[in-house]
Amino acid sequence: MSTKRKLLIALGVYVLGLVILVILTGVHGTRNTSFEPQNEFKLDTWVDLGAFSINKAVMYLVIAATLTSVSMIYIARRMQQRPNRVQTAVEVLYRLMRENITAGNMDEKMAARWFPFIGALFLFILFSNLIGYIPLPTNTEHEITVFGVTIPSFSLYAATANLSIPLVLAFVVFVSYTFEGVRVKGPIGYLKSLIPAGVHGPMAGGIFVLEIISNFMRLMSLSIRLFANILAGHLIILFMAGALAVLLGVAWLGWITLPFGIALFAFEVGLVAALQAFIFATLTAIYLGGAVAENH
Amino acid sequence: MLTALITVFAATEEIAKAGKSIGLGVGGGLGAVGAGVGIGIIFGKVIEAITRQPEMRDEITSIQWLGFALTEACFFYGLVAGLLAAFIV
């Protein structure tokens, strides 16, 4: 069968399904008030330990961290002269982290020292984003019964879709590049180096204040970029894959948005998850390189 | 008196709801416009640069994704602000 014919059949099924749904359920629906989409991201406390309570985000954090370390150590332990597919993929990632991200933004000696940090950051965010797109039975808001056993319903969630985790990562990055700058130039020298070369007199004071503010803005921009990208991705998948139809009570709307949901899911998994990890690691490397550079 | 108060109260609630919707629309919509223009410029320039210097392709590609993600993030700043206005403030 030719591609054109397959496409025509797919389009026919799409339109036919739409028509059948409109005939069966009608054009208008009633607004569903009992379904609250924001509860899909609500964090219920599962194990109460005061400030260290365990909820969905903590579970995802632990899964991502364990998966990162276990899989990477396992692959590193059984490296072979003739790499198999997994090893080749990890080697490509390694080269990306080692050469593009780290060595591209700082000198050789410093790159050797900071590569483990940046590599771990990259891999952790990548794993954390990617397991966020696997539906796991973690939604305790709704429960379903399968053959008499009650299990929580499946949901998409990622540790990085919660503001606190990217904020902590950004804070670690902030502390480490400030520490590195102070270690290389001394506290006074580091503060002086915030002022660009060639600025003298009263202008320098104003620029200094701006640079301090922009340093703190880095915390915000790093964390909000990661968090908002992942959260917005999950939200749009949720709405396109049916929440909109459930919320408005219109069945044919769900049929229309479903292909967009699948396309967006592929886009998020294929591009955004890896891209955000890459951006976070690259910006970390740029900040680290900038903190020790003579003139900035 | 009471009915008048209730109508005024209902009206202010409606106005607040309208304002929140406008906040979400402006945050998401205008954010998308700006980021859309920015992403268009980035990819246009990348095509230009690669057709001029095909041998620089790898280097340009990595910078391209950096620029794309930084621009795309600006859309999310607008969206987060809009969501804050709609659901939290």
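Residues numbered from 1 in each chain as written. Chains lettered and ligands numbered in written order. Predicted model: local features only at pLDDT ≥ 70, side-chain atom pairs only at ≥ 80, totals over all residues.

Student: Go over the overall build of chain B with me, naming the residues and quoting the values.
Tutor: From N to C terminus, chain B includes 2 helices and 0 strands. The C-alpha radius of gyration of chain B comes to 22 Å, more than 25% above the 12 Å expected for a compact globule of 89 residues. Taken along the three principal axes of its C-alpha coordinates, chain B extends 80 × 20 × 5 Å. Expressed as a percentage of contacts within chain B between residues at least 6 apart in sequence, the contacts between residues at least 24 apart total 85%. (Helix = DSSP H or I, 4+ residues; strand = E, 2+ residues; numbered from the N terminus. Rg over C-alpha atoms; globule rule 2.2 N^0.38 Å. Contact = placed C-beta atoms within 7 Å.)

Student: Explain the overall build of chain A to me, using residue names and the numbers behind them.
Tutor: The number of helices and strands found in chain A is 8 helices and 2 strands. By the compact-globule yardstick of 19 Å for 296 residues, chain A is too spread out, its C-alpha radius of gyration being 24 Å. The principal-axis extents of the C-alpha atoms in chain A amount to approximately 75 × 55 × 50 Å. In chain A, which comprises 296 residues, the share counted as buried stands at 25%. (Buried ≥ 20, exposed ≤ 12 C-beta atoms within 10 Å, placed from the backbone.)

Student: Please provide a residue-by-residue account of the packing of helix α3 (residues 85-103) of chain A against helix α4 (residues 108-131) of chain A, values included.
Tutor: All names here are of chain A. Axis separation between α3 and α4 bottoms out at 9 Å; the angle between their running directions is 115°. Taken together, α3 and α4 sit at an angle that is classed as roughly perpendicular. For the crossing formed where α3 meets α4, the hand is right-handed. Touching M97, R98, I101, T102 and A103 of α3 are E108, A111, W114, F115, I118, G119 and F122, all from α4. (Axes fitted to C-alpha atoms, helices over the stretch in contact; angles between N-to-C directions. Parallel < 35°, antiparallel > 145°, perpendicular 65-115°, else oblique. Left-handed = near helix turned anticlockwise from the far one by under 90°.)

Student: I'd love a proper account of the interface of chain A and chain B, names of residues and values included.
Tutor: Opposite the 11 residues of chain A that make contact, chain B presents 9 residues. Only α7 (202-248) and α8 (251-292) of chain A provide two or more residues apiece to the side of chain A that touches chain B.

Student: Any chance you could break down helix α2 (residues 56-77) of chain A for me, citing the residues and the numbers?
Tutor: Along an α-helix, a turn takes 3.6 residues, which lines up residues three or four apart on a common side. Residue and element names in this part refer to chain A. The end-to-end C-alpha distance of α2 is 31 Å, a good match for the 32 Å that 22 residues give at a rise of 1.5 Å each. The complete set of buried residues in α2 reads K56, Y60, L61 and A64. The arc that holds the buried residues of α2, viewed along the axis, is 140°, so those residues lie on one side. Every exposed residue of α2 that faces more than 90 degrees away from the buried side is listed here: V62, T66, V70, I73, Y74 and R77. Against the buried residues of α2 lie α4, β1 (136-146) and α5 (164-185). (Expected span 1.5 Å × (residues − 1). Arc of directions from axis to C-beta.)

Student: Provide a residue-level description of the confidence of the model for chain B, including the pertinent values.
Tutor: Confidence in the prediction of chain B, expressed as mean pLDDT, is 85, and 100% of residues score 70 or more. Model confidence for the complex: the whole-complex pTM is 0.84, and ipTM, which rates the interface, is 0.71. (pLDDT = per-residue confidence, 0-100.)

Student: Break down the nonpolar core for me, citing the residues and quoting the values.
Tutor: One finds I118, L121, F122, I125, A277, F280 and A281 of chain A to be the most contacted residues of the largest nonpolar core, which totals 53 residues. When contributions to this core are tallied by element, the ones reaching two or more residues are α2, α3, α4, α5, α7 and α8 of chain A together with α2 (57-88) of chain B. With 11 residues, α8 of chain A is the largest single contributor of residues to this core. For I125 of chain A, the residues in contact, after removing those within four places along its chain, are T160, L226, Q276, A277 and F280 of chain A. (Core = buried A, V, L, I, M, F, W, Y, C linked by C-beta atoms within 7 Å.)

Student: Describe the packing of α5 of chain A against α7 of chain A, naming the residues involved and giving the relevant values.
Tutor: Residues and elements named next belong to chain A. Packing of α5 against α7 leaves a shortest axis separation of 8 Å and a crossing angle of 145°. Viewed along their axes, α5 and α7 form a crossing whose handedness is right-handed. Taking contact as the criterion, the partners of P166, L167, A170, F171, V173 and F174 in α5 are, on α7, R218, L219, L222, S223, L226 and F227. Along the lines of polarity and charge, the residues of the contact of α5 with α7 split into 10 nonpolar, 1 polar and 1 charged. (Nonpolar A, V, L, I, M, F, W, Y, C, P; charged D, E, K, R; others polar.)

Student: Explain the environment of G189 of chain A to me, using residue names and the numbers behind them.
Tutor: Residue and element names in this part refer to chain A. In this structure, G189 sits in helix α6 (residues 187-193). Taking the number of C-beta atoms within 10 Å as the measure of exposure, G189 has 11 and is therefore exposed. In this structure, the C-alpha to C-alpha distance between G189 and W255, residues 66 residues apart in sequence, is 62 Å.

Student: Please set out α2 of chain B residue by residue, giving values where relevant.
Tutor: The end-to-end C-alpha distance of α2 of chain B, which contains 32 residues, comes to 45 Å, matching closely the 46 Å that a straight helix rising 1.5 Å per residue would cover. Within the sequence span of α2 of chain B, burial applies to A69, E72, F75, F76, G78, L79, G82 and L83 of chain B.

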